[in-house]
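Structure at a glance
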Amino acid sequence: MFVVVGVTGGIAAYKTVHLVRALVTNGHEVHVVPTADSLRFVGTTTWEAVSRNPVTTSVHDDVSRVRHVALGTSADLVVIAPATANTLAKMAAGIADDLLGVTLLATTAPVVVAPAMHTAMWEHAATQANIATLRSRGVHVVDPADGPLTGGDSGPGRMREPEEIVAAALAVAAGHPSDLAGRRIAVSTGGTREPIDPVRFLGNRSSGRQGAELAVAAAARGAEVTLVAAHVDEGVLTAASRHPRIAVVRVGTTAELQAAMTDAAATADVVAMVAAVADFRVAEVSHHKLRKEDGAPRLDLVPNPDILAGLVAARRPGQIVIGFAAETAADDTELLERGRRKRERKGVDLLAVNRVDWEHGFEATENRVLLLDAAGAVVAEAAGSKRAVADAIWDAVAVVR
């Protein structure tokens, strides 16, 4: 995706370096258009190094390509961060006295602005009128946070963190509405581990990717998310742990997962039980290592609590509970039979069922799920990256609501 990032003259410009880096790292072509004043905070060399593209502030550079128009017409997305009060006023008035202003008038791409300024400036009637004007024209505003400001003051006006702005901007570019804004969501992920002795455990092959992607996708659509993570592969929680609307809670055993999900579900509007839970644990954990010279150990297994069934039993009116079922099956017919039986036993509102084997489902970057509703009907089929599957699940949740 061709992304234009406008940078204006505020101290928060240093955060935009991380924003640009995140976009580039995710494979987007990024062109930075700074205002002349913004270069007092972060210089041209930095922007060129991070974006990997030439940077200019002048409409008179690269005239043969009509760069001042080409940037706007080529853009798939325009992000202004930070957006100062002055820039917002110029945008509302349609002033195009520099390369950024011309680019904004020339583009038909979605425009996302992340305001940053002192509280008094943000709350001023003129700024609020300009924001209202821009919203009426379809500009997407990532409202500033309430927190410490330059100079020791505190209040609304602090620019949001780069990860949050990137998530909001990419959601806008993908056409995702903020349909989960204001919703609280609890998601579990990863595989629980039941200790046998201080060295060994009973576990499974879950990487935790699908649950982590479900959490990030929900946050991108405006939700406040609690992600309860058991064992996951390295790097799986990176994006989630950096997102300002995701709180990550780490657990190990099924009992710990049950306690954490019960707490999170108490205030959640939607509960998604994605974690691969160990169905059994050893009746008595050895406090010393079981050694080969002592002979083959006898492991007496006892069933773990059914966390999903417990969450359904405690469900509040209006709360949506989503279950996941990883099944070995010869074909979709058998998969659906097993999925429908599980949905009936658990009583969930939606059940995502997928086939797993040695190559598919676990420890993979892609997935394919069939989504069953409360009547057992297939309401969606999603395949591709686990992020794409996550978005398809949230699309289905929006219909259920």
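This text goes with the structure placed above it.
Counting from 1, residues in each chain are numbered in the order their sequence is written. In keeping with the model being predicted, local features are shown solely for residues with a pLDDT of at least 70 and side-chain atom pairs are shown and tallied solely at 80 or more, while totals for entire chains, interfaces and linings include all residues. As a convention, hydrogens and water are excluded, and side-chain values are obtained from all of the structure's heavy atoms.

Observations concerning the packing of helix 4 (residues 85-93) against helix 7 (residues 125-136)
- In the contact formed by helix 4 and helix 7, the axes pass within 9 Å of each other and the chain directions differ by 50 degrees. In this view, helix 4 runs oblique relative to helix 7, as classed from their interaxial angle. In the crossing of helix 4 with helix 7, the sense of the turn from one axis to the other is left-handed. Contacts between helix 4 and helix 7 involve A85, L88, A89, M91 and A92 from the former and T127, N130, I131, T133 and L134 from the latter.
- Note that Gly is not counted as nonpolar here; it falls among the polar residues with everything else outside the nonpolar set of Ala, Val, Leu, Ile, Met, Phe, Trp, Tyr, Cys and Pro and the charged set of Asp, Glu, Lys and Arg. Looking at the contact of helix 4 with helix 7 residue by residue, the classes come out as seven nonpolar, three polar and no charged. With axes taken as lines fitted to C-alpha atoms, and helix axes fitted only over the stretch in contact, angles between N-to-C directions fall between 0 and 180 degrees. Helix and strand definitions follow DSSP, with helices as H or I runs of at least four residues and strands as E runs of at least two, each counted in order from the N terminus. Working definition: roughly parallel below 35 degrees, roughly antiparallel above 145 degrees, roughly perpendicular at 65 to 115 degrees, and oblique for all remaining angles. Crossing handedness is defined as follows: a turn of the near helix away from the far one that is anticlockwise and smaller than a right angle gives a left-handed crossing, while the clockwise case is right-handed. The criterion used for residue contact is that any of the two residues' heavy atoms lie within 4.5 Å.

Quick notes on the sheet that holds strand 16 (residues 320-327)
- Pairing between two strands is assigned when DSSP locates at least 2 bridges connecting them. Strand order in the open sheet formed by eight strands is 12-11-8-13-16-17-18-19, and the pairing between neighbours is mixed. Of all the strands in the sheet, just strand 12 (246-250) and strand 19 (378-385) have a single pairing partner and so form its edges. The sheet shows a mean angle of 15 degrees between the axes of neighbouring strands, taken without regard to direction.
- Note that strand 17 (residues 350-355) and strand 18 (residues 366-372) share three bridges and pair antiparallel. By the bridge assignment for strand 18, L351 is matched with L372.
- Helix 13 (residues 332-346) rests against strand 16, strand 17, strand 18 and strand 19 of the sheet, and its axis sits at about 145 degrees to strand 17.

Quick notes on the pattern of salt bridges
- Any carboxyl oxygen of Asp or Glu that lies within 4 Å of a side-chain nitrogen of Lys or Arg is treated as forming a salt bridge with it. Under the definition given, this model contains 19 salt bridges.
- With its nearest N and O atoms 2.6 Å apart, the salt bridge here joins R200 to D197.
- Classification of D197 by relative accessible area gives buried; the value is 4%.
- Linking D300 and R298 is a salt bridge whose minimum nitrogen-to-oxygen distance equals 3.2 Å.
- Accessible area is worked out with a 1.4 Å probe on protein chains only. A residue is then buried under 20% of its type maximum, exposed over 50%, and partly exposed in between. When its relative accessible area of 42% is taken as the criterion, D300 is described as partly exposed.
- Note on R298: relative accessible area 72%, which makes it exposed.
- When salt bridges with common partners are traced through the structure, they connect R221, R387, D391 and D395 into a single cluster.

In short, shape yes, function no, at least from these values alone.
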